[in-house]
Amino acid sequence: MNKEQSKEALLEVRDLHTHFFTKAGVVKAVDGVDITIPAGKTVGLVGESGCGKSMTAMSIMGLIANPGKIVQGEILFHGKNLLELNRKEYRKLCGNRLSIIFQEPMTSLNPVETVGKQVSEAMFIHEHISKEQAKERVLKLFTEVGIPDPQRRYYNYPHQLSGGLRQRIMIAMAMACKPDLLIADEPTTALDVTIEAQIIHLMKKLQRENGTSILMITHNLGVVAEICDYVYVMYAGQVVECADVYELFKHPMHPYTKGLLQSLPKMQSGQGRLYNIKGMVPDLLKLPDGCRFAPRCDYACSKCHESIPALTDLGNGHLIRCCMNNHQVTEGGKL
Ligand code: SF4
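These numbers come from a predicted model, not from an experiment. (Residues numbered from 1 in each chain as written. Predicted model: local features only at pLDDT ≥ 70, side-chain atom pairs only at ≥ 80, totals over all residues. Heavy atoms only, no water.)

Residue placement: Ile64 occurs in the loop between α2 (53-60) and β4 (68-77). In this view, Ile64 contacts Thr18, Phe20, Met55, Met58, Ser59 and Lys69; residues no more than four positions away in its chain are not counted. (Helix = DSSP H or I, 4+ residues; strand = E, 2+ residues; numbered from the N terminus. Contact = heavy atoms within 4.5 Å.)

Attention now moves to the site of the ligand. Contacts to the ligand come from 14 residues, most closely from Cys291, Cys297, Cys304, Cys322 and Cys323. Broken down by class, the residue content of the shell around the ligand amounts to 12 nonpolar, two polar and no charged. (Near = heavy atom within 4 Å. Nonpolar A, V, L, I, M, F, W, Y, C, P; charged D, E, K, R; others polar.)

This part is about the sheet that holds strand β6 (residues 98-101). Taking strand neighbours across the sheet as the criterion, the eight strands line up as β6-β7-β8-β3-β9-β10-β12-β11 in an open arrangement whose pairing is mixed. This sheet does not close on itself; its edge strands, each paired only once, are β6 and β11 (312-313). Taken together, the six bridges between strand β9 (residues 230-235) and strand β10 (residues 238-244) define a ladder with antiparallel strand orientation. The residue bridging Tyr232 from the neighbouring strand is Cys242, located in β10. Where helix α11 (residues 255-262) meets the sheet, it contacts β9 and β10, and its direction lies at approximately 105° from that of β9. (Pairing = 2+ DSSP bridges. Axes fitted to C-alpha atoms, helices over the stretch in contact; angles between N-to-C directions.)

Its location among the elements puts Gly317 in the loop between β11 and β12 (319-320). Given the relative accessible area of 5%, Gly317 is considered buried. Between the alpha carbons of Gly317 and Ala243 there is a distance of 6.0 Å; along the sequence they are 74 residues apart. (Buried < 20%, exposed > 50% of the residue type's maximum accessible area, 1.4 Å probe, protein only.)

Note that Arg166 resides in helix α7 (residues 163-177). Residue classification places Arg166 among the buried residues on the basis of a relative accessible area of 12%. Separated by 3.1 Å, the side chain of Arg166 and the backbone oxygen of Pro158 make a polar contact. (Polar contact = N/O pair within 3.5 Å; in protein donor to acceptor, adjacent residues only side chain to side chain.)

Time to look at the packing of aromatic side chains. As enumerated under the stated definition, the model contains four aromatic pairs in all. With a centroid separation of 5.1 Å and 85° between ring planes, the pair formed by Tyr235 and Phe293 is classed as edge-to-face. Note that Tyr235 is positioned in strand β9 and Phe293 in the loop between α11 and β11, a separation of 58 residues in sequence. Phe293 carries the same exposure label as Tyr235, and that label is buried. When the ring centre of Tyr154 is taken as origin, the NZ or CZ atom of Lys135, which lies over that ring, is 5.1 Å away. (Phe/Tyr/Trp six-rings, centres within 6.5 Å; stacked < 30°, edge-to-face > 60°. Lys NZ or Arg CZ within 6 Å of the ring centre and 35° of its normal.)

As structure tokens, then:
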């Protein structure tokens, strides 16, 4: 991200370290992460499961619980360090100016309250309006997010709704609060493709109407290409590449990013077997020396095992964490 973009930053995560102190040892789930989210833009955070994407989101939302702890770094929101807020101040901010949608909305919805009441309550907390006004607004919101028969659905409990409808309820709740930043943690992974497209459309609508910034956490590069302005690629707790979305898809530089892109199915005949990145994401308790991607990298050399490469700016806000930064990859991932 270049200097101009970071000047307009709504959220800046700086050198964030979130560690888990387990009996087996210290798990460095987030290990020196920097992310900038400009106002009104969508930033994608991608990588395989276990790379630290969700832990980064939970850290921003103040949801890290024992044995986890943010041990270092800053999270600047509108220039204020969230890590200096007390619990009450943090709670006030979350749900109002800062919202999160999870992959499975059942984890956020109260199973013993009707969904109408839950969205109304989200409004009550932040606005002084009557019960009748709140209900009227909730019904309008339900219509806007495409919930059929909103009068009836208002009195439904979460378990009476499909996964797609529950996710719409979460978006209605986010729209009710008009957050400055919406963190969407794999919001469409559990949904089928047509519902996925509708949910993404709704999130973009929320952004257009309220100027909301979005942090989209996903392993789906198709979603990233469709809606993101900037992309951060995470691997083993660290950012390994970031750039604006066109640059990243056109000129991916890190071998991991290249591997992820090569793994995408293509709409052409004769593609043969899909490329897959060899090996697995490392156990965060047993990280390799030097570059964390080295055991899976087709280009690893002795230098790669010496120390963790620094995140280096290639120009125009395109950063990579690799000691060799001009690989030419041909089909199949070989030099
Ligand atoms: Fe591969 Fe070495 Fe770059 Fe790591 S530093 S990604 S091992 S080439």
